[in-house]
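Structural overview for review
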Amino acid sequence: MTEQRGAEQQGGFPRRDAEGRVRTLGDLLGVCLAGLVIGVLALVLFEWAFASFGAGDFGHTNGWLAVILPAWLFWDDFRAWDFGAARVVAAFVALAVAVLVGLVVAGLAAGFPALLSGALGALAFTVAYALVWFRGVRWLARRTG
């Protein structure tokens, strides 16, 4: 048991294995969704500040900007995997699926302000990417060795 703990990185969230990869889908989704909430709150704060100074109307900033922190975690996890086809293919497939899902959701919410429709699109993007990336890279890595 102590050897297993020694092989894993100690402390921090999300929990990571010895190579620095996120260990569980729950950890990946949890941190990504927390980052998305922080991004949305930052956008709302900036929108409120600019609207209070008369620099524009509230809600016109693109909510897709909230995906910056989750994308940073995705990039970090991508770098933790060994160079090879598994991580590249999984990343491209996850990106294609996530963009498609995010655009569909944002399109369905097009009647709302840009901040809200973009935030909903970013939420859909984040969940779709995390699900496809986490399962896909592990499945492909097992298949390609």
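Provided above is the structure to which this section pertains.
Bear in mind the structure is a predicted one, so any value in this text is a computation, not a measurement.

1. Quick look at the overall build of the chain
Counting its secondary structure elements, the chain contains five helices and zero strands. The order of helices and strands in the chain, counted from the N terminus, is α-α-α-α-α. Counting contacts in the chain only where the partners sit at least 6 residues apart, residues at least 24 apart contribute 67% of the total.

2. Things to note about the layout of surface pockets
Volume-wise, the largest pocket comes out at about 210 Å³. As for the largest pocket, its lining consists of Ala71, Phe74, Trp75, Phe78, Val88, Ala91, Phe92, Leu95, Phe125 and Tyr129. Those elements giving two or more residues to the lining of the largest pocket turn out to be α3 (68-80), α4 (85-108) and α5 (114-144). When its residues are assigned to classes, the lining of the largest pocket shows ten nonpolar, no polar and no charged.

3. Examining the environment of Gly136
Position of Gly136 among the secondary structure elements: in helix α5. Using a relative accessible area of 19% as the deciding quantity, one classes Gly136 as buried. Taking the C-alpha atoms as reference points, Gly136 and Arg87, 49 residues apart in sequence, are found 8.5 Å from one another.

4. As for the packing of aromatic side chains
Across all of its chains, the model carries six aromatic pairs by this definition. With centroids separated by 5.4 Å and ring planes inclined at 25°, the aromatic side chains of Trp75 and Phe78 adopt a geometry described as stacked. Placement of the pair is Trp75 and Phe78 together in helix α3, with a separation of three residues, close to one helical turn. Members of the aromatic cluster, connected to one another through ring pairs, are Trp64, Phe74, Trp75, Phe78, Phe125, Tyr129 and Trp133. Cation over ring: Arg87 sits above Phe78, and NZ or CZ is 4.2 Å from the ring centre. When the ring centre of Phe134 is taken as reference, the NZ or CZ atom of Arg138 above it lies at 3.6 Å.

5. Structural notes on the nonpolar core
One finds Leu28, Phe74, Tyr129 and Trp133 to be the most contacted residues of the largest nonpolar core, which totals 28 residues. Broken down by secondary-structure element, the contributors of at least two residues to this core are α2 (25-52), α3, α4 and α5. Excluding residues that lie within four positions of it along the chain, Phe74 makes contacts with Leu28, Cys32, Thr126, Tyr129 and Ala130.

6. With respect to the pattern of salt bridges
One pass over the full model with this rule turns up one salt bridge. For the salt bridge of Arg79 with Asp76, the shortest nitrogen-to-oxygen distance reads 3.4 Å. With Arg79 and Asp76 both in helix α3 and three residues apart, the pair spans about one turn of that helix. Assessed through its relative accessible area of 51%, Arg79 is described here as exposed.

Conventions and cut-offs
Residues numbered from 1 in each chain as written. Predicted model: local features only at pLDDT ≥ 70, side-chain atom pairs only at ≥ 80, totals over all residues. Heavy atoms only, no water. Helix = DSSP H or I, 4+ residues; strand = E, 2+ residues; numbered from the N terminus. Contact = heavy atoms within 4.5 Å. 1 Å grid on protein atoms, 1.4 Å probe; cavity = no way out; pocket = protein on both sides within 12 Å on 5 of 7 lines; lining within 4 Å. Points joined across faces, edges and corners; volume = space filled by probe spheres on them. Nonpolar A, V, L, I, M, F, W, Y, C, P; charged D, E, K, R; others polar. Buried < 20%, exposed > 50% of the residue type's maximum accessible area, 1.4 Å probe, protein only. Phe/Tyr/Trp six-rings, centres within 6.5 Å; stacked < 30°, edge-to-face > 60°. Lys NZ or Arg CZ within 6 Å of the ring centre and 35° of its normal. Core = buried A, V, L, I, M, F, W, Y, C linked by side-chain atoms within 4.5 Å. Salt bridge = Lys/Arg side-chain N within 4 Å of Asp/Glu carboxyl O.

In short, geometric facts, not functional conclusions.
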